[in-house]
Amino acid sequence: MKEELIIAGFGGQGVLSMGKILAYSALMEGREVSWMPAYGPEQRGGTANVTVIISDQSISSPILSTFDTAIILNQPSLERFEPTIRPGGTLIYDEYGICKPPTRKDLNIYRINAMDAAAEMENVKAFNMLVLGGLLKVRPIVTIENVLQGLRKTLPERHHHLIPMNEKALRKGMEIIELIND
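Residues numbered from 1 in each chain as written. Predicted model: local features only at pLDDT ≥ 70, side-chain atom pairs only at ≥ 80, totals over all residues. Heavy atoms only, no water.

(A) Region of the structure containing the sheet that holds strand E7 (residues 178-179). Sheet architecture is open: seven strands sit in the order E2-E3-E1-E4-E5-E6-E7, paired in mixed fashion. Edge positions in the sheet fall to strand E2 (32-39) and E7, since each of these pairs with one other strand and no more. Here five bridges tie strand E4 (residues 67-72) to strand E5 (residues 85-93), and the two strands are oriented parallel to one another. Each bridged residue has a counterpart across the sheet, and for Thr69 the counterpart in E5 is Thr90. The strands touched by helix H1 (residues 15-28) are strand E1 (2-10), E2, strand E3 (47-55) and E4; relative to E2, the strand with the most contacts, the crossing angle is about 170 degrees. (Pairing = 2+ DSSP bridges. Helix = DSSP H or I, 4+ residues; strand = E, 2+ residues; numbered from the N terminus. Contact = heavy atoms within 4.5 Å. Axes fitted to C-alpha atoms, helices over the stretch in contact; angles between N-to-C directions.)

Okay, structure coming up:
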């Protein structure tokens, strides 16, 4: 098994955190992992993306030009990364930050209304966990149990009381993701 994915959006949306949690989760499952963030100097509000590779074998290079899966959280990222997804790959997007939806017909395209769900939960910080839950529903590359362990590893101990809320968001994300092309 090898999964090469990119998560892209604006700084402050939890893009890098999502990638880090995925990476820790895969490490706990004994897999090889590469986590490579990229962001502008402005961070919050600027564009940010992270490339994550999860594999059962050694990873030869963390540099990728094409991806199996892309999570896209804003229009500039959609325009930049939609063409880089391999045919038959997966694109997941939240339409909150997208004004022109994806157009490729050779992809499995999923929409997740995570921003709306985060507002319903009255916790916008749950946004990235909702999206991550959606990813794990359609691409179960790691288990939720290991994601929760990854949260324990990445969150400072003073925030561990938020883990149950994050688990709720992960599970809600699994419920609300929908395939939009057949």
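(B) Structural detail: the side chain of Glu82. With respect to the helices and strands, the residue Glu82 is situated in the loop between helix H2 (75-81) and E5. Among buried charged residues, Glu82 stands out as having no salt bridge; its nearest opposite-charge side chain is Arg104, 5.4 Å away. Apart from the residues within four sequence positions on either side, Glu82 is in contact with Ser77, Leu91, Pro102, Thr103 and Arg104. (Buried < 20%, exposed > 50% of the residue type's maximum accessible area, 1.4 Å probe, protein only. Lys, Arg positive; Asp, Glu negative; His and termini not counted. Salt bridge = Lys/Arg side-chain N within 4 Å of Asp/Glu carboxyl O.)

(C) Region of the structure containing unusual backbone geometry. Phi is positive for Glu122, which is not a glycine, with a value near 55 degrees. One can find Glu122 in the loop between helix H3 (114-120) and helix H4 (127-138). When its relative accessible area of 74% is taken as the criterion, Glu122 is described as exposed.

(D) Representation of the side chain of Arg31 within the structure. Considering the arrangement of structural elements, one finds Arg31 in the loop between H1 and E2. Side chain to side chain, Arg31 and Glu29 meet in a polar contact 3.4 Å long. One polar contact links Arg31 to Asp56, side chain to side chain, over a distance of 3.2 Å. For Arg31, the contacting residues outside a window of four places in its chain are Met1, Ala26, Ile54, Ser55, Asp56, Ile141 and Val142. (Polar contact = N/O pair within 3.5 Å; in protein donor to acceptor, adjacent residues only side chain to side chain.)

(E) Examining helix H5 (residues 144-154) more closely. Taken together, the buried positions of H5 are occupied by Ile144, Asn146, Val147, Leu148, Gly150 and Leu151. Looking at the packing, one finds that the buried side of H5 touches H1, H4 and helix H6 (163-176).

(F) Examining the packing of H4 against H6 more closely. Viewed as axis vectors pointing N to C, H4 and H6 meet at an angle of 50 degrees, and their least axial separation amounts to 6 Å. As the angle between them shows, H4 and H6 are arranged oblique. Every pair of crossing elements has a handedness; the one defined by H4 and H6 is right-handed. Of the residues in H6, those touching H4 at Met129, Leu130, Leu132, Gly133, Gly134, Leu136 and Lys137 are Asn166, Ala169, Leu170, Lys172, Gly173 and Met174. Its residues placed into classes, the contact of H4 with H6 shows seven nonpolar, four polar and two charged. (Parallel < 35°, antiparallel > 145°, perpendicular 65-115°, else oblique. Left-handed = near helix turned anticlockwise from the far one by under 90°. Nonpolar A, V, L, I, M, F, W, Y, C, P; charged D, E, K, R; others polar.)

(G) Seen up close, the packing of H5 against H6. Axis separation between H5 and H6 bottoms out at 11 Å; the angle between their running directions is 145 degrees. Considering the relative orientation of H5 and H6, their crossing is right-handed. From H5, Ile144, Glu145, Val147, Leu148, Leu151 and Arg152 reach across to H6, where they touch Ile163, Asn166, Glu167, Leu170, Arg171 and Met174. In terms of residue class, the contact of H5 with H6 is made up of seven nonpolar, one polar and four charged.

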